[in-house]
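# Per-entry structural report
Each chain, letter by letter, is given below.
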Protein chains: 2
Amino acid sequence: MLAPTNPATAYEPLVEKQSITIPAFTTQGGATIPDMTLGWEAYGTLNAARDNAVLITHYFSGNSHAAGRYDADDAAPGYWDSIIGSGKPIDTDTYYVISMDTPVNLGAHDPHVITTGPATVNPDTGRPWGMAFPILTIRDFVETQTALLDTLGITRLHAVMGASMGSLQAYEWASTHPDRVARVIPVIGSGWADADLIAWLNVWGAPIRLDPHWNGGEYYDGEPPTRGLAEALKIVTLHAQSPEWSNGLFGRTWASPDANPADSFDNRFQVEAVLDAAGAARARTSDANHFLYLAKANQLFYTGHGDSLVKGLLDIEAPVLIIHTNEDLIFPGDAVRETATLIKSDGTPVDIVELQGTRGHLDGVLSIGQAGAAIRAFLTEE
Amino acid sequence: MLAPTNPATAYEPLVEKQSITIPAFTTQGGATIPDMTLGWEAYGTLNAARDNAVLITHYFSGNSHAAGRYDADDAAPGYWDSIIGSGKPIDTDTYYVISMDTPVNLGAHDPHVITTGPATVNPDTGRPWGMAFPILTIRDFVETQTALLDTLGITRLHAVMGASMGSLQAYEWASTHPDRVARVIPVIGSGWADADLIAWLNVWGAPIRLDPHWNGGEYYDGEPPTRGLAEALKIVTLHAQSPEWSNGLFGRTWASPDANPADSFDNRFQVEAVLDAAGAARARTSDANHFLYLAKANQLFYTGHGDSLVKGLLDIEAPVLIIHTNEDLIFPGDAVRETATLIKSDGTPVDIVELQGTRGHLDGVLSIGQAGAAIRAFLTEE
């Protein structure tokens, strides 16, 4: 008798989105946000000692849906389902895997995302916050997660792991809460936003600021800046890929065989049409102000947010498994290796796994399975 | 007695901008443009045999000012002055170096640029062309140059050399006029626009299209889309650099020591302020529609513009000296090497010089002196 092709996932329970409300969240900048409500989900079971939790922190355009399905008919599971589940490298038979929507989450209009940000009604005014919402940092994201863990009675994480913006949260966790983190797995990210990343994040947001519907962030009563948001998400989509992807898939093919791009500015190449469609699709569930707040949080990031960039990295004491790819245009290999060098300069163990692929930055999500064995082993190391 | 530190340039004659009007220029697309007026300049003297001409084709944001000064007080000479002049690698004691402003030149409002494009008044309507101006290709640029050479009685070029978009013109010259080109020096460019470049050129233009003042290209009677154009030129500026440049110069320094970027969306990092200023400065002499026409011409480029990308490169028979850098984000090393492989696959001699530097694509302009000896030798080869 043949075994089912994918026995581990065949019996996974459905995932349920939950939420937590922090009545008064104080930001690192000193502002207070009433009713900070955020979504979260978990896979596996918290053990009696409450010491088997693995926290997954999400990327810029992501959310807490890291694995599993909400409904058996879902088109796709959570983004890291290949490594999270029963029998998988992050084995839900052993670990309690938990993930949380960040504040100012990009997917403010995604029915599966629960977040608080500029699009949320400020209970003090009865109107959406808009750009009056306090500026947040990656550290603030981490502190929303400590609040959730506190309510669950989890004092120490078996591991924290995240991709891209999620890796920044992972570095931040290890640096600022060394007593609460036993292992860190930053994926496709470095220990600070350098000038190059700061500049590109500025470029990402430019189309939103140029869209007349953005209107300084005051658009919740009218038409939102959908075109600008779609263009911003188009840049992100392109930047997160590699030339091998676009050249290999599209070459110089026209979007329509009857519409030569040489004949009209309306006629596009296929790669343009695909990116336009991707940007427009992502814009439908996203919020433009949330995009700008996320870009700001990423620009402001350096591990520890303290007196010195180096000190923040030296404060990391938990063993670190860094996963990245040299084809990454957003967090280039040099920046990742420099981060690793600083962390281990005082003796903290750091291992690096280099992913191979043609998808650039995105391989940190799509090709994470290549690091499955390394992740499994790292999680069981004493 | 000490020699002057720079004797070669000390006695260079001043450069004079000239112009040519092509009464009726027919594009490859079949449109006719009346009174196509374009600027040009030259350094050195055309010999009696008219066989010592070196054509310099310019880059996206450039113009025909490749060397020398218009006035002794000019702040800077032409962009390749380090290799063009008396005693320099492209020695004006030997060669007649000539360069021409392209049609739809970006610097439509630069007093030193003479071009014809959307910002030009269409003599048939008495109003600026706007987006009714015919779409042009790199091949069209080349044909404006053949028209100039015809009037000067130059039937064959000793060499054609250009950087970036100028390299595309150099490939095109050699492929479509093999009898008129003895040598080719493409710098920081490849033999076709691949999907990745097509996509980025789309991204470059997005801020212009989003600026409400762009108005479908109809802005010559009112306020031009200066903000969108500045954002577009900011992307170009960043893309043409390397992370080593931004990280090395700016790091995480604030634009103003009193304005913490964490406190307000108005407070920027220094790298943002520098790029904003660069974009705004370049926008003052540029035209937004011209930008879009240039982006289109670059997207449409593949050597020969014929039935096959490969055939266009195989049609190149003149020896080729390719100069590039592996830090180039716009024309990556892989694309340049693939171009070289195709050209030499039928026996055409191809040499490659790799520039070293921290400025990315821009090293093709700033660091061209590294290739000076190779250029000098290549120009004297029989």
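Going by an unreviewed UniProt entry, chain A carries the name Probable acyltransferase and comes from Roseospira marina. Recorded in UniProt under Subunit (unreviewed entry), the annotation for chain A is "Homodimer."

Taken as a whole and assessed by the stated rule, the structure comprises 22 salt bridges over all chains. Through salt bridges with shared partners, a single network forms among A:Glu231, A:Lys234, A:Arg268 and A:Asp276.

On to the layout of surface pockets. All names here are of chain A. When its volume is computed, the second largest pocket comes out at roughly 790 Å³. Around the second largest pocket, the lining is made up of 38 residues, and of these Tyr59, Ser61, Gly62, Asn63 and Arg282 lie nearest the centre. Put simply, the parts of the chain that give the lining of the second largest pocket at least two residues each are helix 4 (195–210), helix 5 (226–239), helix 7 (270–284) and helix 11 (363–366). Per-element accounting of the lining of the second largest pocket gives the leading share, 3 residues, to helix 4. Partitioning the lining of the second largest pocket into residue classes produces 21 nonpolar, 15 polar and 2 charged. If you count residues domain by domain, the lining of the second largest pocket takes at least three from each of domain 1 (7–193 + 302–380) and domain 2 (198–294).

Residues and elements named next belong to chain A. Listed under "active site" (unreviewed entry) in the UniProt record, and renumbered for this structure, are Ser164, Asp328 and His361. Spanning 198 residues, the named residues form one tight spatial group whose C-alpha atoms are at most 10.5 Å apart. As for the annotated residues, the ones lining the second largest pocket are Ser164 and His361. Mapping Ser164 onto the fold places it in the loop between strand 9 (159–163) and helix 3 (165–176). Under the relative-accessibility criterion, Ser164 is labelled buried at 10%. Inspection of the secondary structure assignment puts His361 in the loop between strand 12 (350–354) and helix 11.

Following the criterion strictly, the structure yields 19 aromatic pairs over all chains and no others. On the basis of an interplanar angle of 75° and a centroid distance of 5.9 Å, the ring pair of B:Phe133 and B:Tyr293 is categorised as edge-to-face. Of the two residues, B:Phe133 is situated in the loop between strand 8 (127–128) and helix 2 (138–152) and B:Tyr293 in helix 8 (residues 288–299); the sequence distance between them amounts to 160 residues. Accessibility assignment for this pair places B:Phe133 and B:Tyr293 in one class, buried. Seen from their ring centres, B:Trp245 and B:Phe250 are 5.3 Å apart, and the 85° between their planes marks the pair as edge-to-face. Pair check on accessibility: B:Trp245 and B:Phe250 agree, each one buried. Following the ring pairs from residue to residue traces out a cluster consisting of A:Trp129, A:Phe133, A:Tyr293 and B:Phe265.

Turning to the UniProt feature "domain: AB hydrolase-1" (unreviewed entry) in chain A, a few remarks are in order. The sites that carry the UniProt feature "domain: AB hydrolase-1" (unreviewed entry) are, in the present numbering, residues 131–344 of chain A. For residues 131–344 of chain A, helix accounts for 51% and strand for 7%, while the C-alpha atoms at its two ends are 40 Å apart.

The next subject is the pairing of strand 1 (residues 18–26) of chain A. Along any regular strand, the residues point their side chains to alternate faces of the sheet. All names here are of chain A. Bridge count for strand 1 against strand 2 (residues 32–43) is 8 bridges, and the pairing is antiparallel. Across the sheet, Thr26 pairs through a bridge with Thr32, a residue of strand 2. Where strand 1 folds back onto strand 2 in an antiparallel hairpin, the turn is made up of 5 residues, including Gly30, whose phi is positive at roughly 95°.

Calculation notes
- Residues numbered from 1 in each chain as written.
- Chains lettered and ligands numbered in written order.
- Predicted model: local features only at pLDDT ≥ 70, side-chain atom pairs only at ≥ 80, totals over all residues.
- Heavy atoms only, no water.
- UniProt positions renumbered as here; feature names shortened; annotations may be inferred.
- Salt bridge = Lys/Arg side-chain N within 4 Å of Asp/Glu carboxyl O.
- 1 Å grid on protein atoms, 1.4 Å probe; cavity = no way out; pocket = protein on both sides within 12 Å on 5 of 7 lines; lining within 4 Å.
- Points joined across faces, edges and corners; volume = space filled by probe spheres on them.
- Helix = DSSP H or I, 4+ residues; strand = E, 2+ residues; numbered from the N terminus.
- Nonpolar A, V, L, I, M, F, W, Y, C, P; charged D, E, K, R; others polar.
- Domains from an automatic or database assignment.
- Buried < 20%, exposed > 50% of the residue type's maximum accessible area, 1.4 Å probe, protein only.
- Phe/Tyr/Trp six-rings, centres within 6.5 Å; stacked < 30°, edge-to-face > 60°.
- Pairing = 2+ DSSP bridges.

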